[in-house]
Structures are given as C-alpha cells and as structure tokens.
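One-letter residues, chain by chain:
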Amino acid sequence: MLIALMADIHANREALEACLRDAKGKGAAKIVFLGDYVGYGADPVWVVDRVMDHVARGASALMGNHDNAVSDLRDSLTADAQMAMAWTRGRLGSEAREFLAGLPMRIEDETRLYVHANVQTDRRWLYIDDRNAATRALHARQAQAVFCGHVHIPAIYGITATDKIVSFKPVSDVPVPLSPQRRWLAVLGAVGQPRDGNPSASYALLDTKKSEITYLRVPYDIEATILKIRNAGLPESLADRLRKGQ
Amino acid sequence: MNYRRIIPGATVDGFLIGKQIHSGGMATIWEVTHPELNLPMLMKAPVLDEGADPAAIVGFEMEQMILPRLAGPHVPKFIEAGNFMVQPYIVMEQIPGAALLPWLDHLPLPYGEVAAMGAKVAVALDSLHRQHVVHLDVKPSNIMLRPTGEAVLIDYGLSHHDELPDLMAEQFRLPYGTAPYMAPEQVMGHRGDPRSDQFALGVLMYFFATGTRPFGDPQRLSGLKRRLWWDPPPPRALRSDFPLWFQEIILRCLEVNPAWRYPTGAQLAFELMNPDQVKLTGRSERLKRDAFTTVLKRRFSEDTTASVQIGTVASFGASGPIIAVAIDLSETSGPLAEALRMTVAQILASLPGARVACLNVLKQGVITLDTTLDEEGRNKHVQRLVELKHWAEPLKLEEGRVSFQVLEAPQTAAAILRYARANFVDHIVMGARASSARRTLLGSVSGEVATHAPCTVTVVRTRRHHRTEYGDGANEKSEDSWTVG
C-alpha cells in the first residue's frame, strides 16, 4: 500500500492542494497527516476542513504543537508564530477547534509509529535534528519505523542493533529502502513552510510492500499564498520565507 | 532464525538452486533457474555465520539497494532480492563472459591489449558514475567481459550511491577496499569521488602491463597510507619500451590528487582509444622515481593530504563532458564559423573539465577510389587537419583539452554519428548553412545528426532577418542556435 505522509501544512492551502493532487495521481491509498495544520499561513479554516474531510474518509491525523496551541494558551511559540496564532484563533469555528483538541499525540500502525515532533514525551515539542536526538528517539520506542515532522527539513536516520546510526539527506524522487535489519526514523519536510532552501511543498510516499520511502517536492503557486498572508495582515517574514524556502 | 535453506535442489522463492560456483568469507554464489525466467542466473547470499565479518552483511545490504537501481550492459541485470527476515539473497544475470582474474597468469601483457581492456573498463566506470555510483572495489576479480566486448563491473558491496544512505561509511571507521587498488582518498576515508575508481584502474593497467603492482599489497593501514606520498617507479623503469602515451595515461590515473586525474571515465577511455591524441607531459618521460628528499618532504608535509581536492558524484558528470564540434571547412572564416566558435567558447566557459574534439569529414566516394592528394599534390587529410587547427586557434584551448580528427567516410552525418557513439560524446556542436538550396537538394546534415544523435546536439546558425533576402527565409527559424535535447 502507498501511504502519503504530510506534515506541517501550516494553513497553506495552495501547497496542500498541490500535494493532495500529486499523491492522488501517484496512487496513494491512504493519507497520514502528521500535525501542524494551522499557524503561519492564511488558510487555517480551509485546511482544517480539508483534513477533517479526509479523516472522515479514512485518513489519520496527529496533533502538532500549533494545533495544540489553538486551545492550550500556555504553549510557547516564537513571536511571529504567536502573532499568527492569535489571528488563527479568531478564525476557527468550534467544530474545527474540537477536532484539533481531540487529535492523538501518536498513532501506531503495524510496525510503524507516527508522531508530530518527538516520541519520548507528550506535549514537549523537541526537535529531532541530529543523530543524537534521533538515537534518543529510536531508543525510546521499539517501532521498526518512526515518522515525524516538526523540523521542516527532510532527514532519514537508521540505527542497527549495535547502535550504529546512519544519517542521510533524502534526494527527491529517489526511493530509499527502509531495510528490516535496521530501525528507521524518517523526518518529513514541510508541506506548507519548507525550510531546507527549496520552496516547493514537501511530502513523502511510503510503499509498505516494498518498505521504501520516497520524498517528493511539488511546486505550487507561492505568490498566491504570499498575497493571502499579506492581505491577512500577518507578519511579512512569514510571507517572505515561503519564497526562499527558509 | 534459520538461514540455511540454500542447498542444491532446494527452491527459494521459485528459484531452483543448482551448482555452487563460489564460497568465500563474505558470500556464497549459486547457479539458479526459474520456470518463468529464461536466462542464466546466479544467486548470491551473504555469509551470516557467528563471527562473520559484519561488513559482509552491511555490504550485502548496500548491494541489495544499489544493484536494482543500475541499468545498462556494464552491470549484471538485477532479477530479485530476498528479504533479510526470511533469507537474504540477490538473484542476478550470470554474465556469460570471463573474468579478468585469469589474466594474472600471463602478465605482463602487450600494451595494446591492456589499453583496449582499460578503455572498456573506463567506459563501464563512466556509465556507473553517471548512475550516481562509485564502485570503490575495481580489481581483476570484479571485472568481466561480455562476449559482445563490454566490460561488466560486479560486486557492489563496497560501493557508494550518492542518492542513498551510505551504510558502509557510517558503520566502519576503517577504509574498506582492496589494498593494492585503493585510491589515496579512499584510504583517508572519502567514499564519494568517482575518480577513486580511475586510480584503481590505473593500478590495474600498470600491473597488467608491467607484471608488478605499483604499491605492492600492503597489509596494514600505515602501508596503505604510503601511497599518499610515495610514488611508484614509472612503468618505463620496468619496461624500457613502455610507450610514452601509455605511461602518461597510467601515471595521470595514479595522481594522488583526484583533481589531477581525468575529469571522467569517458575522457580516460577517449585517451586510451586515441593514443595519437594523448598530450604528453613530464609524466610520460620519467624513468625513475622522485628523489629521496622530495619523497621525504612529501612524507612529512601536511599539505600532501590537505591539498587533495575531493569531488562528488553529483558534481562530476556535468563538469567533464566530451564535446565534438563538426566544422565545415568550406566556411572557416565566414560568419557561421565565427558563430560556431562563439557557441563553443560559451559552452567551454562554464565547463573547465570539458574536452573538445574538432571534427571534419573528408568525403570519400563509395565506388571510385579517391586519391589522397588534391590537384596540387597536397595530402588532403593533412591539409584538413591544418585547417581545423586554424579554425580552433582563436579559442586558445590548452593542449590536452582539444583534439583534431579528420574522418574519412562517404557520408558526413553518418561519420559524425559513428564518432559520437564510439567516443561517448556528450554534446555535438555544428553549423547549419543559412542558404537552403543545397540542403533541400541533398538533405540537411545537421538535421540528420540532430535526429539520430545519442546526445545533445546544438545546431548553430547565423541570425537572419525576416526579409527573405535568401529567398526562402520566411518560414525558417531565426534563432542563432537551438539545442536538441
């Protein structure tokens, strides 16, 4: 089965639409959304609505820190994110808020574990951005493969039974085998706010039969998204970074 | 887990196990057949005994990842891989030809034979490098020759794929490879430079042509590291009749700094196939090793390793293309010749590793026997060469980067295409006449080349204005040039 993995959409309608279209075209049979549907972008209502719609039709969705911050006012965010969050709270209806508040922190599916940020503790949003963090995460759980988002920069880590860890920056469109003699942690790129220098929307397809993950980049109408962010009065830096992918 | 199901007569995932043809420390290899697959096949399985070299398993994982992604005549065709949880194996095409290993019994071999074999291996390496893989274990037992002549590289257990996780690099601190053949940068732990394979091929050619291994067969890391500062005796010190061009090529392959070797395998193959085009430098004439004091200085200089410029697979292919420029010598000074020269200059400006072959076709009648002399008694072939050099002179290309060839053939387009295929040309640049009276009559050479070329073709034209001053320009393209991908 082909599973589409989509993380960090951040209220970017154009990017999500492009990724959904691409995944459908490539034959994805299931979608797992790895959290952060809102925050930063100008289309939180449409994006949450779309995710709810997909969940009603069998997709899975996790909670991200921005989704948690909608109702949890204690959660700390950067200044720009805080500003965007205040704007977002004013727009989401009760149904969307309830949906976001009820999302799970982790989902297990056969030998796979999906989380938004880290696997060790709930509601502490750590970044898995180096080998040490990846090793700690893989030690915390026994799943054969862990998938997460939150970092916005694609990476793959593999660990052997003797704790040797391999780290790798996946190349777009090249399937990477997740061989069973290692345990794997795949950090997804962001659909709605890439930060690896490539502005195109990032998602991945997991082929469960072949045990291969393919990271993909999808172009979308960035200028349209930027215009919406500006028109909404959100911080200019949130618009600007989309063009650079940083 | 019981992994021991591979025995003659057993069936694994539909493959019937036949004769065992190899049993080594890393893997066992069996002949297999399959009711639905009609080709000779081999099954390779890793040795998973207690105490087996962990590199055997990791190497097998790498091979399972890399082999299915490779294509072309220079690799064994991948058929099937077995899951590690059940029974790890790889089934691949059995290459019908012979390995190079038995050649070792007949060393030293004639130069021509070694160069011809070296060219085939260089072509195979070029194909591999273009598919993002550095082999890193080029040696006689890993090279086979198909009955059709192509070299095939086998065993990808130590290889590096620049688009896949490098499990070997992450897991083992020590360099993995085969001691006599390992490139200096590989000894230092760099696994991503395609030119490491060129070094190994240089060792192989040196060994095959002289009967002596240039760096011996060191058993310790300190012995391996010696090749960073210790230069081997030049082949001419071992065989006094060693051709200058061949010593030039071999010693260039053996340069410590990868940046001083050939930019690509295709360029190395080009030199091996065209000895008369090899630019001889000081390397070709050396008769003895560097002075003891020079070697000692290198030994204790930190620069020796610091100055080594390591490349990557990704940066490699695009930087060292072979560009063939087909020049119509009837117009060496007109606007078209100038436009052609300018296009070539622009292409070269961005590609410091590019190699240029200037071509002209000397037409020969199919039926009549052409005389090689023109009316004034000059040798046509030589005259054409002189004119080619004259055309290229304003480009100010350094010797060694440019070569000149006059092809004698009845048909111009066919000759250019044949040359491009035989020499693995990446890009053909040629002019097209503005006036199309002859083209309509005889067909366009550039059109035919563009249609059938195995590579990119740029057809250069001088810009024309829309006024139909040539009588037929109204519907023609008016760009200076366009590229056919």
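Bear in mind the structure is a predicted one, so any value in this text is a computation, not a measurement. (Residues numbered from 1 in each chain as written. Chains lettered and ligands numbered in written order. Predicted model: local features only at pLDDT ≥ 70, side-chain atom pairs only at ≥ 80, totals over all residues. Heavy atoms only, no water.)

(A) Looking closely at the overall build of chain A. Along the backbone of chain A there are eight helices and 12 strands. In summary, chain A has a C-alpha radius of gyration of 17 Å against a globular reference of 18 Å for 246 residues, a match within 12%. Seen through its C-alpha atoms, chain A measures out along the principal axes to roughly 50 × 35 × 35 Å. Taking all 246 residues of chain A together, the buried fraction comes to 59%. At a minimum sequence separation of 6, the contacts of chain A that also span at least 24 residues come to 72%. Accessible surface, chain A as shown: approximately 10,000 Å² in total, 50% of it carbon and sulfur. If you average the places of the 31 positive and of the 29 negative side-chain charges in chain A, the two averages end up 3 Å apart. (Helix = DSSP H or I, 4+ residues; strand = E, 2+ residues; numbered from the N terminus. Rg over C-alpha atoms; globule rule 2.2 N^0.38 Å. Buried < 20%, exposed > 50% of the residue type's maximum accessible area, 1.4 Å probe, protein only. Contact = heavy atoms within 4.5 Å. Areas by Shrake-Rupley, 256 points an atom, 1.4 Å probe, with all protein chains shown as cover. Lys, Arg positive; Asp, Glu negative; His and termini not counted. Charge placed at Lys NZ, Arg CZ, Asp CG, Glu CD.)

(B) Main features of the overall build of chain B. When you go through chain B residue by residue, the secondary structure sums to 18 helices and 17 strands. The buried share among the 485 residues of chain B stands at 51%. Surface exposure of chain B reaches about 22,600 Å², of which carbon and sulfur atoms provide 54%.

(C) Geometry of unusual backbone geometry. All names here are of chain B. Here the amide bond leading from Leu107 into Pro108 is cis, since omega sits at -5°, within 30 degrees of zero. You will see that Phe424, though not glycine, has its phi angle at about 55°, which is positive. Note on Phe424: relative accessible area 34%, which makes it partly exposed.

(D) A look at the nonpolar core. Ranked by size, the top nonpolar core spans 89 residues in total, and within it A:Leu5, A:Tyr114, A:Phe147, A:Ile213 and B:Phe246 carry the most contacts. Two domains each provide a minimum of three residues to this core, namely domain 1 (11-93) and domain 2 (106-315) of chain B. Not counting chain neighbours up to four residues away, the residues in contact with A:Tyr114 comprise A:Ile3, A:Leu5, A:Val32, A:Leu34, A:Leu62, A:Met105, A:Arg106, A:Ile107, A:Asp109, A:Phe147 and A:Leu206. Of all hydrophobic cores here, the second largest spans 52 residues; its members include A:Ala42, A:Val47, A:Ala117 and A:Leu234. (Core = buried A, V, L, I, M, F, W, Y, C linked by side-chain atoms within 4.5 Å. Domains from an automatic or database assignment.)

(E) The interface of chain B and chain A, seen in detail. With 15 residues of chain B at the contact, the number on the chain A side is 17 residues. In this assembly, chain B packs against chain A so that about 1,400 Å² is buried in total across both faces, 57% of it on carbon and sulfur atoms. Considering only the surface of chain B that becomes buried against chain A, B:Glu163, B:Glu170 and B:Gln171 emerge as the three largest contributors, covering 40% of it. Between B:Glu61 and A:Arg182 there is a salt bridge, and its shortest N-O distance comes to 3.0 Å. Taken together, chain B and chain A are joined by three residue pairs in polar contact (both at pLDDT 80 or more). In terms of residue class, the side of chain B that touches chain A is made up of seven nonpolar, two polar and six charged. (Buried area = accessible area lost by both parts, 1.4 Å probe. Salt bridge = Lys/Arg side-chain N within 4 Å of Asp/Glu carboxyl O. Polar contact = N/O pair within 3.5 Å; in protein donor to acceptor, adjacent residues only side chain to side chain. Nonpolar A, V, L, I, M, F, W, Y, C, P; charged D, E, K, R; others polar.)

(F) Inspection of the state of the cysteines at higher detail. All names here are of chain A. Taken as a whole and assessed by the stated rule, the structure comprises zero disulfides over all chains. Considering cysteine sulfurs only, Cys19 is the nearest to Cys148, which forms no disulfide, with 17 Å between them. Residue Cys148 is classed as buried on the basis of its relative accessible area of 0%. (Disulfide = S-S within 2.5 Å.)

(G) Representation of the packing of helix H2 (residues 111-130) of chain B against helix H5 (residues 195-210) of chain B. Residues and elements named next belong to chain B. Between H2 and H5, the shortest axis-to-axis distance is 10 Å and the interhelical angle comes to 165°. Relative to H5, H2 is oriented roughly antiparallel. Regarding H2 and H5, the two cross each other, and that crossing is right-handed. Contacts between H2 and H5 involve Tyr111, Val114, Met117, Gly118, Val121, Ala122, Leu125 and His129 from the former and Asp197, Leu201, Leu204, Met205, Phe208 and Ala209 from the latter. Looking at side-chain class alone, the contact of H2 with H5 contains 11 nonpolar, two polar and one charged residues. (Axes fitted to C-alpha atoms, helices over the stretch in contact; angles between N-to-C directions. Parallel < 35°, antiparallel > 145°, perpendicular 65-115°, else oblique. Left-handed = near helix turned anticlockwise from the far one by under 90°.)

(H) Layout of the sheet that holds strand E6 (residues 89-93) of chain B. Residue and element names in this part refer to chain B. Strand order across the open sheet formed by six strands is E1-E2-E3-E4-E6-E5, with antiparallel pairing between neighbours. Pairing within the sheet leaves two strands with one partner each, and these edge strands are strand E1 (11-12) and strand E5 (78-82). Sheet topology places strand E4 (residues 37-46) next to E6; four bridges connect them, and they run antiparallel. Of the residues in E6, the one forming a bridge with Lys44 is Ile90. (Pairing = 2+ DSSP bridges.)

(I) Here's a closer look at the pairing of strand E6 (residues 145-152) of chain A. All names here are of chain A. In terms of burial, E6 is largely enclosed, as eight of its eight residues are buried. In terms of strand pairing, strand E5 (residues 112-115) meets E6 through three bridges, oriented parallel. Looking at E6, one finds that Arg112 is bridged to Ala145. Pairing analysis gives five bridges linking E6 to strand E10 (residues 183-189), with the strands arranged parallel. Bridging from a neighbouring strand, Val146 pairs with Leu185 of E10.

(J) Layout of the confidence of the model for chain B. For chain B, per-residue confidence averages 85 on the pLDDT scale, and 86% of positions sit at 70 or higher. Here the predicted complex scores 0.84 on pTM and 0.80 on ipTM. (pLDDT = per-residue confidence, 0-100.)

(K) Examining the pattern of salt bridges more closely. Residue and element names in this part refer to chain B. Within the structure shown, the criterion is met by 32 salt bridges over all chains. Of the charged contacts, one joins Asp231 and Arg298 as a salt bridge, the two residues approaching to 3.2 Å between their closest N and O atoms. Of this pair, Asp231 sits in the loop between helix H6 (221-225) and helix H7 (235-238) while Arg298 is found in helix H11 (residues 292-300), placing the two residues 67 residues apart along the sequence. With a closest N to O distance of 3.6 Å, Asp290 and Arg286 form a salt bridge. Its relative accessible area of 27% is what places Asp290 among the partly exposed residues. Taking relative accessible area as the criterion, Arg286 reaches 26% and is therefore assigned partly exposed. Each of Asp231, Arg286, Arg289, Asp290 and Arg298 takes part in one network of salt bridges that share partners.

(L) Expanded view of the sheet that holds strand E8 (residues 165-168) of chain A. Residue and element names in this part refer to chain A. Taken together, the six strands give an open sheet; going across it, the order is E4-E5-E6-E10-E7-E8, and neighbouring strands pair in mixed fashion. Two strands bound the open sheet, and with one partner strand each, they are strand E4 (106-109) and E8. Taking each pair of neighbouring strands and ignoring which way they run, the sheet shows an average axis angle of 15°.

(M) View of a nonpolar patch on the surface. A cluster of nonpolar side chains, contributed by B:Phe292, B:Leu296 and B:Phe300, occupies part of the molecular surface with about 380 Å² of accessible area. On the basis of relative accessibility, which here comes to 40%, the residue B:Leu296 falls in the partly exposed class. (Patch = residues over 30% accessible without salt bridge, like charges linked within 9 Å, V, L, I, M, F, W, Y side chains within 5 Å.)

(N) Summary view of H2(B). Here H2(B) spans 28 Å end to end across 20 residues, near enough to the 28 Å set by a 1.5 Å rise per residue. Most of H2(B) sits inside the fold, with 15 of its 20 residues counted as buried. (Expected span 1.5 Å × (residues − 1).)

(O) Here's a closer look at the packing of H2(B) against helix H9 (residues 265-273) of chain B. All names here are of chain B. One can describe the packing of H2 onto H9 by two numbers: an axis separation of 7 Å at closest approach and a directional angle of 165°. Between H2 and H9, the angle falls in the class roughly antiparallel. Read as a crossing pair, H2 and H9 show a hand that is left-handed. For the pair formed by H2 and H9, the contact residues are Ala115, Gly118, Ala119, Ala122, Val123, Asp126 and Arg130 on the first element and Gly265, Ala266, Leu268, Ala269, Leu272 and Met273 on the second. For the contact of H2 with H9, the class distribution of residues is nine nonpolar, two polar and two charged.

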